[in-house]
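Each chain is listed here by its residues.
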Amino acid sequence: MITWLRIAIALAVLVTVTLVLLPIQLVGLRFNLKIRRRLPRLWHRVACWALGLRVRVHGVLEPKRPLLLAANHASWKDILVLGSVADVAYIAKAEVRGWPIFGLLARLQATIFVEREQRQKTGDQVNEIAERLTAGEIIVLFPEGTTSDGNRLMEVKTSLFGAAASAVPHAPDGVVFIQPVSIAYTGVHGMAMGRFHRPLAAWPGDIALGPHLLGVMREGAVDVDVDFGERVDYSRASNRKQVSREVETRIRAMLGARLRGR
């Protein structure tokens, strides 16, 4: 009974905050105001509280721009977690646009939708990413290209770093800064997350969103550690494969250390 009451209160707070912020965000998007970048952070903080995600940050966000964050990806919760600690925009596959709830939220956060199968649109999409980066926005890339089980980093797709390469000619100093980020789901109710609770971290594609969301909310206390690593500079002289491998190595090291409790 207490669990369901807590969930009801959390949802009521989240809905109320959403209704208050929604018209302001719509105006911000319509006129491209700076507030459109800041309001999502407030909403994501409330969402993390409502879901019981307790976020701990290690390291600092790179202050230099243009900045691309490259993070591992285990679940839709990653978006809430990163969005609660930095004013970011995301790169997502085009089909996300049509998803219930998440599609609307993605559009409200000015997500960049990429249609990977339509190569004729690739140039326009890359140009949009480059323009947004050079305009000072922090863009988040999940270079695995899919979600994992939260216990490991899957192979990083080097092609996805083309966004950084495209922004280099427009960057003030000819450099785009890529910061590796690790998102690790490490605990439940203050205790280390074991194999039994690992489904709370990951979101396999064959599990419906509703039951998964309720499962997270019922626990009400999931610890998430976000590590900001040392940046990697991408310039005209950089090799995309070498840069992606360096970023992959750093994410893997941070994630592994955090999951091992170090």
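Structure: see above.
Residues numbered from 1 in each chain as written. Predicted model: local features only at pLDDT ≥ 70, side-chain atom pairs only at ≥ 80, totals over all residues. Heavy atoms only, no water.

Within the chain, the secondary structure is distributed over eight helices and nine strands. Scaling as 2.2 N^0.38, a compact globule of 262 residues should have a C-alpha radius of gyration of about 18 Å, and the chain matches this with 18 Å. Considered along the principal axes of its C-alpha atoms, the chain spans approximately 60 × 45 × 35 Å. Counting over 262 residues, the chain shows a buried share of 48%. A total of about 13,300 Å² of accessible surface is found on the chain, and carbon and sulfur atoms cover 59% of it. Here the chain holds 35 positive side-chain charges and 23 negative ones, and the gap between their average locations is 3 Å. (Helix = DSSP H or I, 4+ residues; strand = E, 2+ residues; numbered from the N terminus. Rg over C-alpha atoms; globule rule 2.2 N^0.38 Å. Buried < 20%, exposed > 50% of the residue type's maximum accessible area, 1.4 Å probe, protein only. Areas by Shrake-Rupley, 256 points an atom, 1.4 Å probe, with all protein chains shown as cover. Lys, Arg positive; Asp, Glu negative; His and termini not counted. Charge placed at Lys NZ, Arg CZ, Asp CG, Glu CD.)

By the definition in use, this model includes 13 salt bridges. A salt bridge links E62 to R231; the shortest N-O distance between them is 3.4 Å. Of this pair, E62 sits in the loop between β1 (53-58) and β2 (67-71) while R231 sits in the loop between β8 (222-228) and β9 (232-235), and the two are 169 residues apart along the sequence. The class of E62 is buried, set by a relative accessible area of 10%. With a shortest N-O distance of 2.7 Å, R258 and D227 are connected by a salt bridge. Of this pair, R258 sits in helix α8 (residues 240-259) while D227 is found in strand β8, placing the two residues 31 residues apart along the sequence. For the pair R258 and D227, a shared accessibility class is recorded, and that class is buried. Here the residues in one salt-bridge network are R36, E128, R132 and E137, joined through shared partners. (Salt bridge = Lys/Arg side-chain N within 4 Å of Asp/Glu carboxyl O.)

Another point: the packing of aromatic side chains. Applying the stated criterion across every chain, the model contains two aromatic pairs. Centroid distance W76 to F102: 5.5 Å. Interplanar angle 45°. Geometry classified as tilted. Of the two residues, W76 is situated in the loop between β2 and α3 (77-83) and F102 in helix α4 (residues 102-108); the sequence distance between them amounts to 26 residues. Across the pair, exposure class does not vary: W76 and F102 are buried alike. Consider the rings of Y90 and F142, whose centres lie 6.1 Å apart with planes at 15°: the pair is stacked. In this pair, Y90 sits in strand β3 (residues 88-93) while F142 sits in the loop between β5 (138-141) and α6 (162-167), placing the two residues 52 residues apart along the sequence. Given a relative accessible area of 9%, F142 falls into the buried group. (Phe/Tyr/Trp six-rings, centres within 6.5 Å; stacked < 30°, edge-to-face > 60°.)

Before going further, it helps to examine the nonpolar core. If you look at the biggest cluster of nonpolar residues, it comprises 44 residues, and the most contacted ones within it are L53, L69, L82, V181, I183 and Y185. For this core, the leading source of residues is helix α2 (residues 35-51), giving seven residues. The residues contacting V181, other than those within four sequence positions of it, are L69, A70, A71, N72, L82, V226, D227, F228, I251 and M254. Of all hydrophobic cores here, the second largest spans 28 residues; its members include I129, L133, I139 and A163. (Core = buried A, V, L, I, M, F, W, Y, C linked by side-chain atoms within 4.5 Å. Contact = heavy atoms within 4.5 Å.)

Burial along β5 is two-sided: the face carrying I138 and V140 and the face carrying I139 and L141 are both buried. Examined bridge by bridge, β3 and β5 share three bridges and lie parallel to one another. Paired with A89 across the two strands is I139, which belongs to β5. (Pairing = 2+ DSSP bridges.)

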